[in-house]
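Residue-level listing of the chains:
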Amino acid sequence: MIVGTAGHIDHGKTALVRALTGVDTDRLPEEKRRGITIDLGFAPLDLPNIGVAGVVDVPGHEAFVRTMLAGATGIDLALLVIAADEGVMPQTREHVAILGLLGIRGGVVALTKSDLVEGDWLDLVRLDVADLLAGTAMAEAPMVATSVVTGAGLPELRDALATVAAEVSPRQDDDVFRMPVDRVFTIRGTGTVVTGTVWSGSVGREDVVRVMPGDRTARVRGLQAHGTAIDRAKPGTRLALALAGIDHDALTRGAVLVSEGGWHASRVLRADVTLLGSATAALSPRAAVRFHLGTTEVGARVVTPGGPLSPGETRPGRVVLDAPVVARAGDRFVIRGGSPVGTLGGGVVVDPHPPHRRARPWTAQHDSFDARLSLALREAGGEGLGIADLPVRLGATPPDVAACLERHRGDVLRIGSRIFDRGYRDELVSSLAEAVAQHHRRNSLDAGVLLQTMRARLAGRPELLDDAVRTAVIGGHLETIENGLVRRTGWKPTLSNDQTDLKATLAGALRTAGAEPPSLGELSAAHGPSVAPIIRMLEREGTVVSVESDRYYDAGALSALVDRLRGAMVAGREYTPSELRDVIGLSRKYLIPFLEYCDRRGITERRSTGRVLHGT
Ligand SMILES: Nc1nc2c(ncn2[C@@H]2O[C@H](COP(=O)(O)OP(=O)(O)OP(=O)(O)O)[C@@H](O)[C@H]2O)c(=O)[nH]1
Ligand SMILES: [Mg+2]
């Protein structure tokens, strides 16, 4: 459980955290000197009946909102701090807007410095705060007046935090691991140490983690939560990790540690984007903005089809990033920009890896998981989706993904490690059957079509095409013939009268030519383009045999020639080609291809100095 502070500069966030935890989170000399918080601070907080929660103390200064964001991301509850003497101030509003954009579900309001104001004044501040929070997730948040000077309200605040914390549903354990890094340092003897809040999944000692973006790996040497060594960290833990195998220079705030596959950095996200009602201008794709997700911050542009986003609007769009970012469906992000720089809006990632083509954004994050799965599948078409990628792609735990796939067994086709849209596969079967039919129409003498030719003509992964062929065969649309050939079930090559005559002519010509037949090219030149398919037909029928790619022999003439060769060769003796030419009386042009044919068929065997009868 992580509690994050929020609120305007100097309103007493750090003093309150110290009063509650005993830890001074302003540890930098510069923070001490200037009396303000500059970087994130962390402290363990005991909550009655809950246990130890992690507190992230953030800076309130307007120049450090990006640091506040890195701290507020991944918190469960907000501790909104408003000084009773000053009331609602600019960063009070900005931080409240950010908590809303990040989807923080609740929290507690501390009206600090209550020792400095009268009761009537405090009542007015309460009304202001209620106005500010109306309509937000914190509208019902308890408000507690506190003072670190008198100690007033501190026990009540702790109780209020515990009450609200009890209502937060715990994060699921069986999820993929991710931890955005918020600090990196080295400790002598320990090496590189990173800290962060475990967003999801768990990590343990000796685990190998991937450091994204960049995808380097490191080994977890040790883990600490709130200063205590542990073996395994659950989601929602404030964690310090000692890493081996990676230099601390290779890591900065904004890096993300992940473990399982499925995490890929992306440059374009599909998202539901919101422009805050307080924005002074529409958000156009020309506006360069800063995009904050987790502890990462990069430049970006927001493209919303149908024109720029107006203040107060939420619409599906695409976020085009200047640098790769690791995101998951369901992730919240914040967009800042303008001049002076302020918080403009934010949104929810719908698909961290939308297809490259400029697909129309079709689904919203609030659509059901099942709906998003089937749309993603349809969009993926013949490429399908990797099952291991789904938890990140769709923002669900692996068990939820498995249950969803089970529910959709009827329309999700699983082949190996990928899934495909069954409807797409069925369309592929039809296109395949149609393509084969077309081939038959155009090549009426061919026995069938090479599968390879079909695969090249249809879009999709090989395993899907093979499945489509199997399905077509099972469905009785296609039959496979030998040599990777398929044909429409029942298809027979048909010959016209002229072609029947030509077939007889060719068979006769090859029979007459005997041991020295004309080439295919010569036959085609004499008899026209039907020669090749008819010769192949004769070959399938066993009338002729191919000795070279463009030369066919009459089958009887060829076996007579083989017999002559066998009869002339003495077992075990090597013959040079010229000796063999003399025994069987073939010219060199025919002899060499014939001998190579005999080698291939295992009749003869080629040695360095000549040929022998095979096996002698
Ligand atoms: N009288 C009085 N002074 C307080 C109280 N709480 C904080 N202060 C004073 O207010 C000043 C600012 O307190 P911090 O806790 O540093 O304020 P902060 O909100 O953490 O400020 P940033 O982190 O810079 O945004 C300090 O001088 C505190 O001593 C309080 O309850 N009563
Ligand atoms: Mg502070």
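Residues numbered from 1 in each chain as written. Chains lettered and ligands numbered in written order. Predicted model: local features only at pLDDT ≥ 70, side-chain atom pairs only at ≥ 80, totals over all residues. Heavy atoms only, no water.

Enquirer: What is the right way to read the environment of P213 from this model?
Expert: Looking at the secondary structure, you find P213 in the loop between strand 10 (208-212) and strand 11 (216-225). Ignoring anything within four residues of it in the chain, the contact list for P213 reads A265, P324 and V326. (Helix = DSSP H or I, 4+ residues; strand = E, 2+ residues; numbered from the N terminus. Contact = heavy atoms within 4.5 Å.)

Enquirer: Sorry, what's going on with the sheet that holds strand 18 (residues 296-303) here?
Expert: What holds strands together in a sheet is hydrogen bonding between their backbones, with the strands either parallel or antiparallel. Ordered in space as 16-19-18-17-20-21, the six strands form a closed barrel in which the pairing is antiparallel. Each strand axis lies, on average, 40° off the axis of its neighbour in the sheet, ignoring direction. Both strand 18 and strand 19 (residues 314-326) contribute to a ladder of four bridges, which runs antiparallel. Within the sheet, the bridge partner assigned to V302 lies in strand 19 and is V319. (Pairing = 2+ DSSP bridges. Axes fitted to C-alpha atoms, helices over the stretch in contact; angles between N-to-C directions.)

Enquirer: I keep staring at the coordination of the magnesium ion (ligand 2) and nothing clicks. Help me out?
Expert: For a metal with four tetrahedral donors the ideal donor-metal-donor angle is 109.5 degrees, whereas six octahedral donors ideally subtend 90 or 180 degrees. Coordination sphere of the magnesium ion (ligand 2), protein contribution only: T14 (OG1) and T37 (OG1), at 1.9 Å. With a gap of 23 residues between them, T14 in helix 1 (residues 13-21) and T37 in the loop between helix 2 (29-34) and strand 2 (41-47) connect regions that are remote in the sequence. Of the two residues, T14 and T37, neither departs from the other in class, the shared state being buried. (Donors = N, O, S within 2.8 Å, 3.2 Å for Na, K, Ca; no water. Buried < 20%, exposed > 50% of the residue type's maximum accessible area, 1.4 Å probe, protein only.)

Enquirer: So what exactly am I meant to see when it comes to the pattern of salt bridges here?
Expert: Between side chains of opposite charge, pairing is possible as soon as their charged atoms come close. Considering all chains together, one arrives at 36 salt bridges under this definition. Salt-bridge contacts for E297 lead to R290; the nearest nitrogen and oxygen are separated by 2.9 Å. The closest approach of N and O atoms between E383 and R461, which form a salt bridge, is 3.4 Å. You can see E383 sitting in the loop between helix 7 (369-380) and strand 22 (385-386) and its partner R461 sitting in the loop between helix 11 (451-457) and helix 12 (462-474), a full 78 residues away along the chain. The class for R461 is partly exposed, based on a relative accessible area of 26%. Residues joined in a network through salt bridges with shared partners are R425, D426, D467 and R470. (Salt bridge = Lys/Arg side-chain N within 4 Å of Asp/Glu carboxyl O.)

Enquirer: Even after reading the chapter, I still don't get the pairing of strand 19, so can you show me in this structure?
Expert: Within a regular strand, side chains alternate between the sheet's two faces. Two strands pair when backbone bridges link them, and strand 16 (residues 265-275) and strand 19 are joined in this way by nine bridges, in the antiparallel orientation. Residue V273 lies in a different strand from strand 19, and its bridge partner there is R315.

Enquirer: Which parts of the structure should I look at to understand the site of ligand 1?
Expert: The immediate surroundings of ligand 1 are formed by 18 residues, with K13, T14, A15, T37 and D115 found nearest. Here an oxygen atom of ligand 1 sits 2.8 Å away from a polar atom, N or O, in the side chain of K13. Here K113 contributes a side-chain N or O atom positioned 3.0 Å from an oxygen atom of ligand 1. When isolated, ligand 1 has an accessible area of 640 Å², and the protein chains bury 79% of it. Looking at the shell around ligand 1, its residues break down into seven nonpolar, seven polar and four charged. (Near = heavy atom within 4 Å. Polar contact = N/O pair within 3.5 Å; in protein donor to acceptor, adjacent residues only side chain to side chain. Areas by Shrake-Rupley, 256 points an atom, 1.4 Å probe, with all protein chains shown as cover. Nonpolar A, V, L, I, M, F, W, Y, C, P; charged D, E, K, R; others polar.)

Enquirer: Sorry if this is basic, but what is going on with the packing of aromatic side chains here?
Expert: In this description, an aromatic ring pair is defined by two values, namely the gap between the centres and the angle between the planes. Here the structure, examined in full by the defined rule, presents one aromatic pair. Consider the rings of F291 and F333, whose centres lie 4.9 Å apart with planes at 35°: the pair is tilted. With F291 in strand 17 (residues 289-293) and F333 in strand 20 (residues 332-337), this pair connects stretches of sequence that are 42 residues apart. Comparing F291 with F333, the two get one shared label, buried. Lying over the aromatic face of F42, R238 brings its terminal NZ or CZ to 3.5 Å of the ring centre. Over the ring of Y575 we find R573, and its NZ or CZ is 4.4 Å from the ring centre. (Phe/Tyr/Trp six-rings, centres within 6.5 Å; stacked < 30°, edge-to-face > 60°. Lys NZ or Arg CZ within 6 Å of the ring centre and 35° of its normal.)

Enquirer: For this particular structure, what's the right way to read the sheet that holds strand 25 (residues 449-450)?
Expert: Across the sheet, three strands lie side by side as 25-27-26; this open sheet has antiparallel pairing. The open sheet has two edge strands, strand 25 and strand 26 (478-481), and neither has a second partner. Of the pairings in the sheet, the one linking strand 26 to strand 27 (residues 485-488) comprises four bridges and is antiparallel in character. Across the sheet, the residue bridging to E479 is R487, located in strand 27. Here helix 10 (residues 422-442) sits on the sheet and contacts strand 25, strand 26 and strand 27; the angle it forms with strand 27, its principal contact strand, is near 90°.

Enquirer: Would you explain helix 15 (residues 531-541) in this entry?
Expert: One turn of the α-helix equals 3.6 residues, which is why residues spaced by three or four share an orientation. Every buried residue of helix 15 is listed here: V531, P533, I534, I535, M537 and L538. Of the surrounding secondary structure, the elements contacted by the buried residues of helix 15 are helix 13 (497-513), helix 14 (520-527), strand 28 (544-548) and strand 29 (551-554). Backbone geometry just downstream of helix 15 places G542 in the positive-phi region, at approximately 90°.

Enquirer: How should I be thinking about the nonpolar core in this particular structure?
Expert: Soluble, globular proteins show a tendency: their nonpolar side chains are buried together. Judged by nonpolar contacts, the single largest core of 36 residues is most densely connected at L80, V109, L111, V129, L133 and M138. Those residues in contact with L80, other than ones at most four positions away along the chain, are A6, G7, T92, V96, V108, V109, A110, L133 and M138. (Core = buried A, V, L, I, M, F, W, Y, C linked by side-chain atoms within 4.5 Å.)

Enquirer: Help me out: how do you make sense of the packing of helix 16 (residues 555-568) against helix 18 (residues 588-600) in this one?
Expert: In a packed pair of helices, the relevant descriptors are the angle between the two axes and the axis-to-axis distance. Contact geometry of helix 16 with helix 18 gives a least axis separation of 12 Å together with a crossing angle of 85°. Comparing their axes, helix 18 and helix 16 come out roughly perpendicular. Contact residues: helix 16 offers L558, L561, V562 and L565, while helix 18 offers F594, L595, Y597 and C598. (Parallel < 35°, antiparallel > 145°, perpendicular 65-115°, else oblique.)

Enquirer: What am I meant to see in a nonpolar patch on the surface here?
Expert: On the surface, a nonpolar cluster with roughly 330 Å² of combined accessible area is contributed by W121, L124 and L127. As for its position among the elements, L124 is in helix 5 (residues 119-133). (Patch = residues over 30% accessible without salt bridge, like charges linked within 9 Å, V, L, I, M, F, W, Y side chains within 5 Å.)

Enquirer: When you look at helix 16 in this model, what are you seeing that I'm missing?
Expert: With 14 residues, helix 16 should reach 20 Å at 1.5 Å per residue; the first-to-last C-alpha distance of 20 Å fits that figure. Buried residues of helix 16: A557, L558, L561, V562 and L565, and no others. All buried residues of helix 16 lie within an arc of 140° about the axis, which places them on one face of the element. Across helix 16 from its buried face, at more than 90 degrees, point the exposed residues D563 and G567. On its buried face, helix 16 is in contact with strand 28, strand 29, helix 17 (577-584), helix 18 and strand 30 (604-606). Its side-chain oxygen at 3.2 Å from the backbone nitrogen of G556, D554 defines the N-terminal cap of helix 16. (Expected span 1.5 Å × (residues − 1). Arc of directions from axis to C-beta.)

Enquirer: Please clarify how the side chain of R328 should be interpreted in this entry.
Expert: As for its position among the elements, R328 is in the loop between strand 19 and strand 20. Classification of R328 by relative accessible area gives buried; the value is 6%. In this structure the side chain of R328 is engaged in a polar contact, spanning 3.0 Å, whose partner is the backbone oxygen of P391. Those residues within four positions of R328 in sequence are excluded, and the remaining contacts are D175, V176, R178, S200, W263, V349, P352, P391, V392, G395, A396 and T397.

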